Amino acid sequence: PFAPCDSQPVETVSTGLAATDGLTGGLPRGGITEIYGPGGSGRTSLLMAILAARTTAAEACAFIDARNAFDPYSAVAAGVQLQQLLWVRCQNIDQALRATDLILHGGGFGLVVLDLGDLPPEIVRYVQLNVWFRFRRAVEHTPTIFLVLEQEPHAKTCASLVLRMETEAAHWSQARAGREGLLGH
């Protein structure tokens, strides 16, 4: 007879945005989440909401910044509690991958972010699939959320959740209030 698989339910936590949580069910712990899209698609805004939610919940978070592009002032404005954040500033992808490996294998972080969003996709494509498998194995069966921010997806089958961000054309509408409406007449 067939016996059902004894798989453990995946624990998820909020992204900090109810609409995103409604679509995804939240961020899975013990897996890789990829957020990708072109510049201006909202991927950094989503990342800031996630960092704000996790740091406000008093979780220790690590942010590996592959291009030294993180803006702490914008992060604070978005609600990120910097005292809960380890910021690792890197100059290239090799440094970022080494730092990520050390942090994931060291443990102790509720959220680890690898920000490759400012690197050209051609460079990130050269990251071998075994690196993503190694990262996935490092977070499996842990409470860590490993989030990768990039312009295109690269972790392939190693990712537990993949979020594609897209840009839309701006639609301007004509203001309904006339001049007197603006002046308060």
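About the cut-offs
Residues numbered from 1 in each chain as written. Predicted model: local features only at pLDDT ≥ 70, side-chain atom pairs only at ≥ 80, totals over all residues. Heavy atoms only, no water. Helix = DSSP H or I, 4+ residues; strand = E, 2+ residues; numbered from the N terminus. Buried < 20%, exposed > 50% of the residue type's maximum accessible area, 1.4 Å probe, protein only. Areas by Shrake-Rupley, 256 points an atom, 1.4 Å probe, with all protein chains shown as cover. Pairing = 2+ DSSP bridges. Axes fitted to C-alpha atoms, helices over the stretch in contact; angles between N-to-C directions. Salt bridge = Lys/Arg side-chain N within 4 Å of Asp/Glu carboxyl O.

Things to note about the overall build of the protein chain
Here is step 1: Secondary structure summary: the protein chain contains seven helices and eight strands in total.
Here is step 2: Taking all 185 residues of the protein chain together, 43% fall into the buried category.
Here is step 3: By element, 54% of the accessible surface of the protein chain is carried by carbon and sulfur atoms, the whole surface being about 10800 Å².

Description of the sheet that holds strand β8 (residues 159-164)
Here is step 1: Across the sheet, which stays open at both edges, the six strands sit in the order β5-β4-β6-β7-β3-β8 with parallel pairing between neighbours. Since the sheet does not close on itself, it has two edges, and those belong to β5 (85-89) and β8, each with one partner. Taking the axes of each pair of neighbouring strands and ignoring which way they run, one obtains an average angle of 15° across the sheet.
Here is step 2: The sheet contact formed by strand β4 (residues 61-65) and β5 spans five bridges and is parallel. In the strand pairing of β5, Ala62 is matched with Leu86.

Points about the pattern of salt bridges
Pairs may arise between side chains of opposite charge once their charged atoms sit close together.
Here is step 1: For the coordinates displayed, the defined rule picks out eight salt bridges.
Here is step 2: In this structure, Arg29 and Glu59 form a salt bridge, with 2.8 Å as the shortest nitrogen-oxygen distance. Of this pair, Arg29 sits in the loop between β2 (27-28) and β3 (31-36) while Glu59 sits in the loop between α2 (43-56) and β4; the two residues are 30 residues apart in sequence, bridging distant segments of the chain.

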